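# Structural overview for review
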Amino acid sequence: MKFKRLRGMHDVFGKDALGFDRVERIARDVFARFGFQELLTPIMEEKELFTRALGTETDVVQKEMYEFTDRSKTLVALRPEGTAGIVRAYLENHFDKTEGQSKFFYSGPMFRSERPQAGRLRQFHQIGVESLGVASPYADAETIQCLAVYFDSLGIKGYEIKLNNLGTFEEREAFKKVLTEYFKPREKELCEDCKARLSRNVFRLLDCKTASCRVIVERSPEITSHLGEASKKHFDAVRRALDGAGVVYQINARMARGLDYYTKTVFEVTHASLGAQDALAAGGRYDRLVESFGGAPTGAVGFAIGVERLLMCLAEQEAGQAVSSFFVATLGEAALQKGFEVLSTLRAAGIQVQMDFEAKSLKSQMRTADKIHCRYVVILGDNEIQKGVFNLKDMKEGAQEEHALNDAVKILKGKG
RNA sequence: GAGGCUAUGGUGUAAGGGUAGCACGAGAGAUUGUGGCUCUCUUAGUACGGGUUCAAAUCCCGUUAGCCUCCCCA
């Protein structure tokens with residue numbers, strides 16, 4: 001074959017397509033219950049939007065974005081995540097002026113040019129939620145609870161919610177110094193990766209998997225004890241609210257996030273069955289992002305779920321059931337013509353019905369009907385056409401009845 | 001982006017220098033216009049490009065893709 005799909009990009013069909021559909025349907029239902037409205041943004045934006053939002057130093061921006069200059073010489077990028085676009089749309093459509101608070105959900109493809117692996121694709125899908133215009137810790141708790149309720153509704157077992165608080169930008173900068181001062185004298189004992197992380201991004205050092213680094217990390221200062229009063233109070237309030245709502249979580253004081261926009265609350269949902277790419281969803285508060293886009297200081301919190309990873313966690317779903325309940329089988333050219341008419345009439349009446357235009361023998365048509373799990377077959381041959389009737393076979397019972405062609409819609413509706 | 005492992009009909013697999021085989025699937029048929037079970041027949045493959053050899057699915061090199069770990073993240 002001449003063409004192949006691009007690396008890290010998948011075709012979705014069959015069981016996966018059903019999974020996508022189910023996951024999105026339940027998301028709509030649950031998110032609506034929590035008051036989130038759908039907001040779909042374009043998959044392309046000015047590149048600058050993402051570098052501003054995510055931070056120029058992040059890997060996502062530095063080496064993973066699909067970017068190009070379009071015909072009008074604008075530097076654009078395929079979105080690597082959903083939040084930046086939502087915040088842009090929030091400001092551009094004046095939600096900040098017309099609504100006290102705005103709660104959105106979205107669903108769609110994201111693009112990151114990484115080396116593919118199970119659970120890591122170049123085009124992947126996220127479903128996410130953003131609450132804008134709320135600084136209250138209850139919004140954090142609501143968001144996290146919404147995520148938990150969603151996973152429970154899908155029937156996902158064994159997921160873990162990890163919670164941390166990174167403080168304000170200022171607190172985080174101050175803590176970065178504290179951390180660097182702690183690790184610097186121990187640099188020689190660190191692994192090669194961590195030596196690099198020390199100057200590039202100290203926070204990443206905290207979740208290093210090397211045993212030797214872990215020993216050092218375990219005794220490192222924790223950010224929770226370096227927070228200001230406001231951040232501490234916020235964190236406590238989030239925890240109390242979650243406890244009150246019965247959401248189970250774990251505090252992980254060493255959890256860092258890769259995107260620069262997070263402030264205060266951050267969280268991550270992991271699942272042990274996923275292997276190396278074990279983050280099922282992640283999110284947090286980003287109180288400075290709206291401001292950095294030129295809006296007023298605006299509290300905001302949200303999360304994104306990796307749809308493909310979610311599907312990997314779901315137990316094997318039932319195989320696809322009948323694509324339709326009725327099948328039209330014909331014999332001969334005249335019947336084929338008549339059959340097509342009947343087919344169209346039935347479909348216009350809202351009945352799910354299939355027909356095989358190629359089949360030669362009645363036998364092969366019956367076989368096809370059986371294979372796609374049709375319960376009833378409408379049989380049309382010259383005999384029937386002359387009498388103005390059709391035969392209806394019940395594939396399950398094996399019984400067969402004759403009815404007037406004019407009553408077809410009425411009869412089939414009664415069976416359906 | 002780094003290291004490693006892998007690649008045989010549509011799918012799952014066998015053959016480990018000497019005839020590419022099996023199962024499932026798909027298609028047709030088993031007394032005239034009736035599915036499922038059974039039987040028969042048909043279908044279709046060594047990822048791609050080089051090299052070694054009398055001979056390559058098998059050995060070597062490269063490419064591509066997938067997977068695992070790292071990195072990163074959803």
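Values in this document were obtained by computation on a predicted structure and should not be read as measured data. Positions within a chain are numbered from 1, following the residues in the order the chain's sequence is written. Ligands are numbered from 1 and chains lettered from A, in the order in which they are written. Restriction of local features to residues with pLDDT of at least 70 applies here, the model being predicted, together with a cutoff of 80 or more for giving and counting side-chain atom pairs; totals for whole chains, interfaces and linings are based on all residues.

### Considerations on the sheet that holds strand 2 (residues 44-46)
Our working definition: Being paired, for any two strands, means DSSP has found at least two bridges between them. Counting from the N terminus, the helices are the DSSP runs of H or I reaching at least four residues and the strands are the DSSP runs of E reaching at least two. Every axis in this analysis is a line fitted to C-alpha atoms, fitted for helices over the stretch in contact. Angles between the N-to-C directions lie between 0 and 180 degrees.
Spatial ordering of the open sheet is given by 2-4-3, a layout of three strands whose pairing is antiparallel. Among the strands making up the open sheet, the edge pair consists of strand 2 and strand 3 (67-69). With direction set aside, neighbouring strand axes in the sheet form an average angle of 35 degrees. Here three bridges tie strand 2 to strand 4 (residues 75-78), and the two strands are oriented antiparallel to one another. When the sheet's bridge partners are listed, E46 is paired in strand 4 with V76.

### Some words on the pairing of strand 12 (residues 326-330)
The test is simple: Backbone-placed C-beta atoms define the burial measure: a residue is buried with 20 or more other C-beta atoms within 10 Å of its own, exposed with 12 or fewer, and partly exposed in between.
For strand 12, the buried fraction is high: five of the five residues fall into the buried class. Alternating residues of strand 12 divide into F326, V328 and T330 and F327 and A329, and every residue in both groups is buried. Here strand 12 pairs with strand 13 (residues 353-355) via three bridges, running parallel. Across the sheet, F327 pairs through a bridge with Q354, a residue of strand 13. Here strand 12 pairs with strand 14 (residues 376-380) via five bridges, running parallel. Paired with A329 across the bridge in strand 14 is I379.

### Looking at the domain arrangement of chain A
How we decide: The start and end points of each domain follow an automatic or database-based domain assignment.
Assigned domains of chain A: these are domain 1 (14-167 + 227-313) and domain 2 (326-415). Each of domain 1 and domain 2 was reduced to a C-alpha centroid, and the two centroids are 50 Å apart.

### Focus: the packing of helix 14 (residues 333-348) against helix 17 (residues 408-415)
Applicable threshold: We call two directions roughly parallel when the angle between them is under 35 degrees, roughly antiparallel when it is over 145, roughly perpendicular when it lies between 65 and 115, and oblique otherwise. For any helix crossing, the convention is left-handed if the near helix is rotated counterclockwise from the far helix by under a right angle, and right-handed if that rotation is clockwise. Here, residues touch in the contact sense if the C-beta positions derived from the backbone fall within 7 Å of one another. For this classification, Asp, Glu, Lys and Arg are treated as charged, while Ala, Val, Leu, Ile, Met, Phe, Trp, Tyr, Cys and Pro are nonpolar and the rest, including Gly, are polar.
Running from N to C, helix 14 and helix 17 cross one another at 55 degrees; their axes reach a closest spacing of 10 Å. The orientation of helix 14 relative to helix 17 falls into the category oblique. The two elements helix 14 and helix 17 cross, and the hand of that crossing is right-handed. Between helix 14 and helix 17, the residues in contact are V342, T345 and L346 and A408, V409 and L412, respectively. Taken together, the residues of the contact of helix 14 with helix 17 break down into five nonpolar, one polar and no charged.

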